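Each chain, written out:
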Amino acid sequence: MKRPVVLLVIVVALALVFPWLAGPYALSVGTLILYFAYTTQAWNVMMGFAGQLSLGHSLYVGIGAYAAGALYYHYEIGPWAGLPLAIALAALTGVAIGFLAFRFGVSGVYFALLTIAFAEFTRIGFDHLSWTGGPGGMFLKVEQRETIDLLHFRGPPALYYYAMLALAVGALAFCSKLLGSRAGYYWRAIRENEDAAQALGIHVFRWKLLAVAISAGMTAISGVFFAFYYNNLFPEQIFNTSRSIEIILGSVIGGVGTLFGPIVGAAVLILLSEGVTEALAALGWAIPGSKQVIYGVVLLGVVVFLPHGIWPPLARRLGLRT
Amino acid sequence: LSFDLVANVIIAGFLTGLVYGLMALGLSVIFGVVRVVNFAHGEMMTVAMYAATLLFAKFALDPFLAIAPVAVVFFILGYALQAGLINPFITRPEHSQFMLLVAVGMIVINGLLMAFGPDARSVQVDYQLDSLEFGEILVDKARLYAAGVAVVTALALYGFFRFSLTGKAIRACADNHFAAKVVGLDVKRLYALTFGLGSVCVAVAGCALTLLIDVTPSLGPYYTLLAFVIVIVGGLGSMVGALVGGVLIGVSEALAGLLIAPSAKSMLSFGLLILVLLIRPQGLFGRKS
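Residues numbered from 1 in each chain as written. Chains lettered and ligands numbered in written order. Predicted model: local features only at pLDDT ≥ 70, side-chain atom pairs only at ≥ 80, totals over all residues. Heavy atoms only, no water.

Turning our eyes to something else, we now look at the overall build of chain B. In terms of regular secondary structure, chain B is built from 11 helices and two strands. For chain B, the N- to C-terminal ordering of α and β elements is α-α-α-α-β-β-α-α-α-α-α-α-α. Relative to the compact-globule value of 19 Å for 289 residues, chain B shows a C-alpha radius of gyration of 19 Å, a close match. In terms of overall dimensions, chain B has a C-alpha envelope of 60 × 45 × 35 Å along the principal axes. (Helix = DSSP H or I, 4+ residues; strand = E, 2+ residues; numbered from the N terminus. Rg over C-alpha atoms; globule rule 2.2 N^0.38 Å.)

If you want it as structure tokens, here you go:
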């Protein structure tokens, strides 16, 4: 077998047995890593593959979470019915934003700021929407956590871990398929030079919309997971620009446009964040803000010294092609 | 809802808007020349606000007088930030620049949080509650002075860009980066100078704002977003646009706070931002690129 395949099999095997070895804390950290690995992979479809910078991906997480959450909260309709609705709503929102932006020639920084504007607009909108609890939040009922109830996506923490693992691996496979498909080639052509792509006869507008739709739809699944994992939703939390930044960080740190970069980036970031928290608590230096300062300094270091992220140089070290 | 009340709110919004405009002017100048969006803009202004409140607490220095030392320090910091960190990022993709400035902003806000804690700080000067009366219309003195300082600073900056040789050189860099290099301009130094000047706008606006609002570390991201809204509405890179955009946002937020709900006021701003981006992406006063 080829070296990359062997490595991948080892990592997935380790991830599969992880819940048996880990305590509850480690399991929650593992779930978080997979959550961010998946979500940043979804963002990467839009930016890394098609070159469209979104700084407002929290919008799609929020739409997914609130769509599935509200169905459950108001009508006791489980997540499996909520999931397709969430995906469809987020994809439609993404297409609507993309349609407007690309039709009116909004691109680059302007497009990025537009995505922030839509996310913030929606955040404040949800703050004033009493149907979903407004700023006071929406709380999903949790009847039990002991036995696995797949229908309502309820069960012990390991259930959520495996769900997220399946999503992360699924997204990896899906994205690798995408990259090898016609869409993947078209997207990269658009990313590198939109005018040239257009001149080659690529319907740039349509393919960009497809990237937004896929990215938004994938991100909505994170939202549904978020709703049923945390069981409480606040607009301030879920739509906040800092949530969008968290989603982006994994890809930027790991390597934008690569398949494994987002996963590596998410793992590094979560482990760093948790590690710093633990270390500061152990040293008794846990002043509010100290963790984020260290985190910020590390980010700065990575962005300055590893312009293409951690994964490309790491892959070379490991003897893999990138 | 009387006419006087609405008029008072509009005037207050107008004056505050001019100070917002000066803050946004800093962002606009930096983007117009360096072509980097300063995602740490509001965070930088929060630092200026803290500097003014500290100088007031320690030396009873009036925030308007604090402008001088704070502006000097901010010019140096801005220059150093551009020369040391951002210049190497000029040719990097946008998401890379974004991440760099987000990291800077994160360090700044949380550094402030570590140093001063989460509590709001403010200054109290004796003229703060005074107001000028024009019949039923009351104008806060502090707000009027703040707006005056903002306008004077903006005019000075305009004069610098219009008439000084260095200002002209900076505009040449903005118009054509490559040609500016060809004629022998030290583009990197001019970029650093521009970032320094943008930081001065932030410093002045921050000092003036301490008289109008209390400062907490968490203000940063909000003001960054506000600066984006103003600058996009007015036109990125346009000096007049930044001030007009500031006034527009200042008045519309004040009115929305009065007529709809205080918490909904920034929804209006973001709505306006979306509209402008779609209908006139270059902004009200921007040139088509």
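Within chain A, the secondary structure is distributed over 14 helices and two strands. The C-alpha radius of gyration of chain A comes to 20 Å, within 12% of the 20 Å expected for a compact globule of 322 residues. Its C-alpha atoms give chain A principal-axis dimensions of roughly 60 × 50 × 40 Å. Looking at chain A as a whole, 53% of its 322 residues qualify as buried. Excluding contacts between residues fewer than 6 apart, the proportion of contacts in chain A whose partners are at least 24 apart in sequence is 75%. (Buried < 20%, exposed > 50% of the residue type's maximum accessible area, 1.4 Å probe, protein only. Contact = heavy atoms within 4.5 Å.)

This part takes up the packing of aromatic side chains. In the structure shown here, the tally under the stated rule is 33 aromatic pairs over all chains. Geometrically, the ring pair formed by B:Tyr222 and B:Tyr223 is edge-to-face, given 5.1 Å between the ring centres and 80 degrees between the ring planes. Of the aromatic side chains, those joined through ring pairs into one cluster are A:Tyr35, A:Phe36, A:Phe153, A:Tyr160, A:Phe225, A:Phe226, A:Tyr229 and A:Tyr230. Sitting above the plane of the A:Phe102 ring, A:Lys208 keeps its charged end 4.3 Å from the centroid. The positively charged end of B:Arg92 is found above the aromatic ring belonging to B:Phe89, 3.9 Å away from the centroid. (Phe/Tyr/Trp six-rings, centres within 6.5 Å; stacked < 30°, edge-to-face > 60°. Lys NZ or Arg CZ within 6 Å of the ring centre and 35° of its normal.)

Our focus in this paragraph is the interface of chain B and chain A. Opposite the 36 residues of chain B that make contact, chain A presents 40 residues. On the chain B side of the interface with chain A, the three residues burying the most area are B:His95, B:Met99 and B:Leu278, jointly 18% of the side's total. At the boundary of chain B and chain A, one finds two residue pairs in polar contact (both at pLDDT 80 or more). Elements with a contribution of two residues or more to the side of chain B that touches chain A: helix H4 (94-116), helix H9 (219-234) and helix H11 (265-279) of chain B. Among the elements that take part in the side of chain B that touches chain A, H4(B) stands out by supplying 15 residues, more than any other. In the side of chain B that touches chain A, the residues fall into 27 nonpolar, seven polar and two charged. (Buried area = accessible area lost by both parts, 1.4 Å probe. Polar contact = N/O pair within 3.5 Å; in protein donor to acceptor, adjacent residues only side chain to side chain. Nonpolar A, V, L, I, M, F, W, Y, C, P; charged D, E, K, R; others polar.)

Next up on the list: the pairing of strand S2 (residues 137-140) of chain B. Residues and elements named next belong to chain B. With burial as the criterion, only one face of S2 is covered, namely that bearing Ile 137 and Val 139; the residues Leu 138 and Asp 140 on the opposite face remain uncovered. Bridging between strand S1 (residues 131-134) and S2 involves four bridges; their strand directions are antiparallel. Its bridge partner being in S2, Ser 131 is matched across the sheet by Asp 140. Linking S1 back to S2 in an antiparallel pair, the connection comprises two residues, with Gly 135 at a positive phi of about 65 degrees. (Pairing = 2+ DSSP bridges.)

Residues and elements named next belong to chain A. Here the second largest pocket defines a volume of roughly 1400 Å³. For the second largest pocket, the lining is made up of 42 residues, of which Leu 8, Leu 172, Phe 260, Ile 263 and Trp 311 are closest to its centre. If you list the elements that add at least two residues to the lining of the second largest pocket, you get helix H1 (3-21), helix H2 (24-49), helix H6 (157-180), helix H12 (261-283) and helix H14 (311-317). Per-element accounting of the lining of the second largest pocket gives the leading share, 10 residues, to H1. (1 Å grid on protein atoms, 1.4 Å probe; cavity = no way out; pocket = protein on both sides within 12 Å on 5 of 7 lines; lining within 4 Å. Points joined across faces, edges and corners; volume = space filled by probe spheres on them.)

On to the nonpolar core. Side chains that are nonpolar tend, in soluble globular proteins, to be buried together. Grouped together as the largest cluster of nonpolar side chains are 198 residues, with contacts concentrated most on A:Leu114, A:Trp187, B:Leu25, B:Phe39 and B:Met99. Of the residues forming this core, the biggest block, 17 residues, is contributed by helix H9 (residues 204-230) of chain A. With near-sequence residues (within four places) excluded, A:Trp187 lies in contact with A:Val45, A:Phe49, A:Ala50, A:Leu178, A:Trp207, A:Leu210, A:Ala211 and A:Ile214. B:Ala7, B:Leu15, B:Leu18 and B:Ala147 belong to the second largest nonpolar core, which has eight residues in total. (Core = buried A, V, L, I, M, F, W, Y, C linked by side-chain atoms within 4.5 Å.)

Going through the model one piece at a time under the given rule, you end up with two cavities of 30 Å³ or more. Considered as a void within the structure, the largest cavity measures approximately 60 Å³ in volume. Around the largest cavity, the lining residues are A:Leu53, A:Leu55, A:Val109, A:Ala112, B:Val37, B:Phe39, B:Glu94, B:Gln97 and B:Phe98. In terms of residues, the lining of the largest cavity owes the most to one element, H4(B), which gives three residues. For the lining of the largest cavity, the per-class residue count stands at seven nonpolar, one polar and one charged. Considered as a void within the structure, the second largest cavity measures approximately 40 Å³ in volume. Contributing to the lining of the second largest cavity are B:Tyr222, B:Leu225, B:Leu226, B:Val229, B:Glu253, B:Ser266, B:Ser269 and B:Phe270.

Quick look at the confidence of the model for chain B now. Mean pLDDT over chain B works out to 90, with 99% of the residues at or above the 70 mark. For this predicted complex, the interface confidence reaches an ipTM of 0.86, while the overall pTM sits at 0.90. (pLDDT = per-residue confidence, 0-100.)

Spanning 19 residues, H1(A) covers 26 Å between terminal C-alpha atoms, matching the ideal 27 Å at 1.5 Å per step. Its axis deflected by about 30 degrees at A:Ala15, H1(A) carries its strongest bend there, up to four residues before the proline A:Pro19. (Expected span 1.5 Å × (residues − 1). Bend = angle between axes of the 7 residues up to and from the residue.)

This paragraph deals with the packing of helix H11 (residues 241-254) of chain A against H12(A). Residues and elements named next belong to chain A. It is the contact of H11 with H12, at a shortest axis distance of 7 Å, that shows an interaxial angle of 110 degrees. Our classification of the angle between H11 and H12 gives roughly perpendicular. Crossing handedness for the pair H11 and H12: right-handed. Of the residues in H12, those in contact with Leu 249, Gly 250, Ser 251, Ile 253 and Gly 254 of H11 are Gly 261, Pro 262, Gly 265, Ala 266 and Leu 269. When the residues that make up the contact of H11 with H12 are grouped by side-chain class, the tally is five nonpolar, five polar and no charged. (Axes fitted to C-alpha atoms, helices over the stretch in contact; angles between N-to-C directions. Parallel < 35°, antiparallel > 145°, perpendicular 65-115°, else oblique. Left-handed = near helix turned anticlockwise from the far one by under 90°.)

Take A:Thr241: it is sitting in helix H11. Of the residues examined, A:Thr241 reaches a relative accessible area of 16% and is grouped as buried. Excluding anything up to four places from it in sequence, A:Thr241 contacts A:Ile116, A:Glu120 and B:Leu225.

Moving on: the environment of B:Leu190. All names here are of chain B. Position of Leu 190 among the secondary structure elements: in helix H8 (residues 187-209). Since its relative accessible area comes to 3%, Leu 190 is described here as buried. Excluding residues within four positions of it along the chain, Leu 190 makes contact with Thr 166, Ala 169, Ile 170, Cys 173 and Leu 185.

On the secondary structure map, B:Val204 appears in helix H8. Sequence-distant contacts of B:Val204, that is, excluding residues within four places in its chain, are made with B:Leu22, B:Ile67, B:Val149 and B:Thr153.

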